[in-house]
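This is what each chain is made of:
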Amino acid sequence: MYDIIIAGAGTAGLSAAVYGARAGKRVLVLEKEVYGGQIMSASVVENYPGIRKISGYEFAQGLYEQAMEQGAEIKYEKVLEIQNSETYKTVHTSLSAYDSRTVILASGAKNRHLQVAREEELTGKGISYCATCDGAFYRGKDVAVVGGGNTALEDALFLSGYCRKVYLIHRRDQFRGEKRLQDSLREKEHVIWVLESHVAALNGTGYLESVTIEQEPDKGKKELAVSALFIAIGQEPDNQPFASLVELDAHGYIKAAEDCRTSAEGIFAAGDCRTKTVRQLTTAAADGAAAALAACAYIG
Ligand code: NAP
């Protein structure tokens, strides 16, 4: 019997593991892929209080090691279902089943897709959702980034370091991402702004060769010859396995307030998977702490 099972080894989940293990609880983290979560694909993090500059990989590695050193366990198994009885919970995974007094859902969010024809077929063949993972394949080539948030701006900056041309495609004429990033991009002549534009088609035989852009307001079409399109249009939750366990909001996020308590007793939600207005590294870490301490209080 575990005290706390945590579903997801991103920043929220690993922070919860640090707090739970430090409180002397028996903690198991279940992760379907690799530990670290979304921050692993950030080339640099400059807004985590107290750390001036660190790569996303280094941050995640440090947090993982901290959780393991405190005594948390990790298993790489996908959570399929959670059964909630009054006294304990049973977490069914792709390989086994585990009993626990409490569960913290920290399933994060997955990359939003453009929903343009051939997106799935060309993923890994020019379509990517991670510039820091795949950008190096396109050294000296022309590439495009779509999106207007911090991720898209940071991706465009990162790619501008070694791609010949970087088109930055955004559906509006205003960016949601930080001004500081916009200013850095404006200084780069080989970053071309393609505003008020939608990606209408992905073209190429086998691999991506170009994207067709539809521009507002006249819906005029233009073709950009690119070897890669990096899609950075935000995230959406991945909470379907928990839909019958806890209440979700209209957008699929787990309903939970700052104390991370869900509609189900002894089940907590932390990080990007829960309802909240600000989804940042700092808020994910804060949620991990709040959820673990709430779980400890519940166990008593
Ligand atoms: P985001 O802030 O939600 O931005 C998503 C962008 O994609 C928006 O500009 C949105 O356009 C656009 N978009 C959404 N759906 C689209 C669609 N179907 N077609 C075309 N464009 C679409 O997502 P994010 O940039 O991934 O950032 C997520 C969170 O992480 C944010 O809170 C962000 O600040 C944070 N973050 C922080 C850092 C950092 O601080 N270093 C780095 C990365 C991310 P509209 O603007 O028109 O809605």
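Right, let's walk through the structure included here. Since we're looking at a predicted model, the values are computed, not measured. (Residues numbered from 1 in each chain as written. Predicted model: local features only at pLDDT ≥ 70, side-chain atom pairs only at ≥ 80, totals over all residues. Heavy atoms only, no water.)

With that settled, the discussion passes to the site of the ligand. Near the ligand, the surroundings consist of 18 residues, among which Asn47, Thr151, Glu154, Arg172 and Arg176 are the closest. Taking arginine 172, its side chain carries an N or O atom lying 2.7 Å from an oxygen atom of the ligand. Per element, the largest residue contribution to the shell around the ligand is three residues, and it comes from helix 4 (residues 150-160). Across the shell around the ligand, the residue classes tally to two nonpolar, nine polar and seven charged. Each of domain 1 (2-111 + 235-299) and domain 2 (127-231) contributes no fewer than three residues to the shell around the ligand. (Near = heavy atom within 4 Å. Polar contact = N/O pair within 3.5 Å; in protein donor to acceptor, adjacent residues only side chain to side chain. Helix = DSSP H or I, 4+ residues; strand = E, 2+ residues; numbered from the N terminus. Nonpolar A, V, L, I, M, F, W, Y, C, P; charged D, E, K, R; others polar. Domains from an automatic or database assignment.)

So, on to the sheet that holds strand 13 (residues 210-215). Strand order in this open sheet of three strands is 12-13-14, and the pairing throughout is antiparallel. Of all strands in the sheet, those with a lone pairing partner are strand 12 (197-203) and strand 14 (220-225), marking the two edges. Strand-to-strand twist across the sheet, computed as the mean angle between neighbouring axes with direction ignored, equals 30°. Of the strand pairs in this sheet, strand 13 and strand 14 are connected by six bridges, and their pairing is antiparallel. Its bridge partner being in strand 14, valine 211 is matched across the sheet by leucine 224. (Pairing = 2+ DSSP bridges. Axes fitted to C-alpha atoms, helices over the stretch in contact; angles between N-to-C directions.)

Right, let's talk about the sheet that holds strand 11 (residues 191-194) for a bit. With respect to topology, five strands assemble into an open sheet ordered 8-15-9-10-11, the strand pairing being parallel. Looking at which strands have only one partner, the edges of the open sheet turn out to be strand 8 (127-128) and strand 11. One ladder, built from two bridges, connects strand 8 with strand 15 (residues 228-231); its direction is parallel. From the neighbouring strand, isoleucine 127 faces strand 15, where its bridge partner is leucine 229.

Time to look at the packing of aromatic side chains. For any two aromatic rings, the description comes down to two numbers: the centre-to-centre distance and the angle of the planes. Counted by the stated rule, this structure contains eight aromatic pairs. Between tyrosine 35 and tyrosine 64, the aromatic rings sit 3.7 Å apart at their centres with planes inclined by 5°, giving stacked as the arrangement. Of the two residues, tyrosine 35 is situated in the loop between strand 2 (27-30) and helix 2 (56-69) and tyrosine 64 in helix 2; the sequence distance between them amounts to 29 residues. Grouping residues by exposure puts tyrosine 35 and tyrosine 64 together as buried. Taken together, a centroid distance of 5.6 Å and an interplanar angle of 80° make the contact between phenylalanine 158 and tyrosine 162 edge-to-face. Look at phenylalanine 158 and you get partly exposed, because its relative accessible area is 24%. Residue classification places tyrosine 162 among the buried positions, given a relative accessible area of 17%. (Phe/Tyr/Trp six-rings, centres within 6.5 Å; stacked < 30°, edge-to-face > 60°. Buried < 20%, exposed > 50% of the residue type's maximum accessible area, 1.4 Å probe, protein only.)

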